[in-house]
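# Structural overview for review
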Amino acid sequence: MDTRQPLDGRAVAIMLVLCLLWAMQQIALKATAEDFSPVLQIALRSAVAAACVWLYMRRRGEQLDVSNGIWKPGMVIGLLFGLEYLLVGEGLRLTSAAHIVVFLYTAPIFAALGLHWKLPSERLAPLQWLGIGVAFVGIAVAFVVRDGSAPQSDLARVVLGDLLGLLGGLAWGATTVVIRATPLARLSASQTLMYQLLGAFALLLPSAFLLGQTTFKPTPFVLAEFAFQCFIVSFASFLVWFWLLRHYLASRLGVFSFLTPLFGVLLGAWLLGEQIEPSFVVGAGMVLAGIVLVSRRT
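Figured I'd write up the structure that's included with this text. (Residues numbered from 1 in each chain as written. Predicted model: local features only at pLDDT ≥ 70, side-chain atom pairs only at ≥ 80, totals over all residues. Heavy atoms only, no water.)

## Points about helix α4 (residues 97-104)
Here α4 lies mainly inside the structure; eight of its eight residues are buried. Along α4, the positions that sit buried rather than exposed are Ala97, Ala98, His99, Ile100, Val101, Val102, Phe103 and Leu104. (Buried < 20%, exposed > 50% of the residue type's maximum accessible area, 1.4 Å probe, protein only. Helix = DSSP H or I, 4+ residues; strand = E, 2+ residues; numbered from the N terminus.)

The following block contains the structure:
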C-alpha cells in the first residue's frame with residue numbers, strides 16, 4: 001500500500017523554499033559569471049556535491065551499483081546531465097538568467113514526449129497533447145516576437161542564448177526518459193544523483209578549458225556563492241527533495257516545481273535588473289500553462 005501523504009503545511013513550506021533555491025542557482029551563476037566562469041563553476045560544484053553524496057552513501061552503507069551493465073545507462077545520464085549544464089553555462093553568457101530558467105523548465109514537455117514513445121504506461125491523453133501544443137506555441141512567441149529597438153547583434157546573442165537554454169531543457173528531458181526506461185529506475189535516488197554528478201564533472205571540466213571558461217577570482221562573494229551552489233543547491237536541496245518524494249505524493253509535489261521559472265523571472269528582474277519583454281512574459285506563461293496540462297494525469 002502507498003503510504004505517502006497529501007501535502008500538509010510543512011511540505012508546502014519546504015517546496016516553496018526549494019523552488020526559490022532552484023531559481024536562485026541560475027541567478028547566482030549569472031551574478032558571478034564575470035569572476036567565476038559558469039561552466040567551470042558547475043564542473044567544480046559537481047565534484048564537491050559528488051563527494052558529499054559519497055559520504056552520505058557511506059553513512060548509509062550504500063555502494064554505487066555497476067552490476068549487470070547498469071553503468072552504461074548511468075554513463076548516459078551523466079553525460080546528458082553534463083550537457084544540460086554545459087548548455088546552461090554557455091547560455092548564461094548570452095542571455096538573461098530569467099530566460100534560461102524558463103526555457104530550461106521546458107524539460108517536462110520533452111520528457112513526456114519521450115516517455116510516450118518508450119513506455120506504454122506513459123501514453124499521452126488528449127489534454128496532455130493540448131498542453132504540448134500550447135507550450136510549443138509559447139516557445140515560438142518567446143523566440144519570434146522580439147523588441148525591434150534592440151541592436152541586431154545583441155538580439156542575435158539573446159536568441160542564441162535562449163536556444164541553448166531550450167536545448168538544456170531537451171537534455172534534461174532526455175535524462176528523465178533514460179532513467180525511467182532503463183534499469184536505473186530501480187536505483188536509489190543517491191546512486192542516480194551520483195552518476196549524474198560524476199558525468200557532469202567529467203564532461204564540464206575539460207569543456208571549460210576548451211571553451212576558455214576558466215576565469216576564477218576568489219572574492220568573498222564568489223566563494224560564498226560557490227558554497228551555496230555546492231552544499232545548498234547541488235547536495236542539500238536534492239536530498240530534501242528525495243525525502244519529500246518518500247513521504248508525500250509525487251504528483252502534488254511536482255505542481256510546485258512550476259513556481260521555479262516564475263521565481264526565476266521575478267528574481268532576475270529584482271536582483272540583476274534584467275528587462276523582461278512583454279512578448280517573453282506571454283510566451284513563458286503559455287509554456288508554463290502547457291507544462292501544467294502535460295503533467296496532469298487522467
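What follows picks up the thread again.
## Observations regarding the pattern of salt bridges
By the definition in use, this model includes two salt bridges. Taking the shortest distance from any N to any O, the salt bridge between arginine 60 and glutamate 62 comes out at 3.4 Å. Judged by its relative accessible area of 47%, arginine 60 falls in the partly exposed class. When its relative accessible area of 15% is taken as the criterion, glutamate 62 is described as buried. (Salt bridge = Lys/Arg side-chain N within 4 Å of Asp/Glu carboxyl O.)

## What to know about the packing of aromatic side chains
This structure, assessed with the given rule, holds eight aromatic pairs. Between tyrosine 105 and tryptophan 172, the ring centres sit 5.0 Å apart and the planes meet at 85°, which makes this aromatic pair edge-to-face. Of this pair, tyrosine 105 sits in the loop between α4 and α5 (107-118) while tryptophan 172 is found in helix α7 (residues 152-181), placing the two residues 67 residues apart along the sequence. Judged by its relative accessible area of 10%, tyrosine 105 is buried. Since its relative accessible area comes to 27%, tryptophan 172 is described here as partly exposed. Its end group placed over the ring of tyrosine 85, arginine 45 keeps NZ or CZ at 4.9 Å from the ring centre. For lysine 118, the ring lying beneath its charged end belongs to tryptophan 117, and the centroid distance is 5.4 Å. (Phe/Tyr/Trp six-rings, centres within 6.5 Å; stacked < 30°, edge-to-face > 60°. Lys NZ or Arg CZ within 6 Å of the ring centre and 35° of its normal.)

## A short note on a nonpolar patch on the surface
On the surface, Leu160, Leu163, Leu167 and Leu170 cluster together into a nonpolar patch covering about 310 Å² of accessible area. Within the secondary structure, leucine 170 is located in helix α7. With a relative accessible area of 39%, leucine 170 lands in the partly exposed category. (Patch = residues over 30% accessible without salt bridge, like charges linked within 9 Å, V, L, I, M, F, W, Y side chains within 5 Å. Areas by Shrake-Rupley, 256 points an atom, 1.4 Å probe, with all protein chains shown as cover.)

## Some remarks on α5
An ideal rise of 1.5 Å per residue puts 16 Å on twelve residues; α5 measures up with 16 Å between its terminal C-alpha atoms. When α5 is considered as a whole, its buried residues turn out to be Ala107, Ile109, Phe110, Ala111, Ala112, Gly114 and Leu115. (Expected span 1.5 Å × (residues − 1).)

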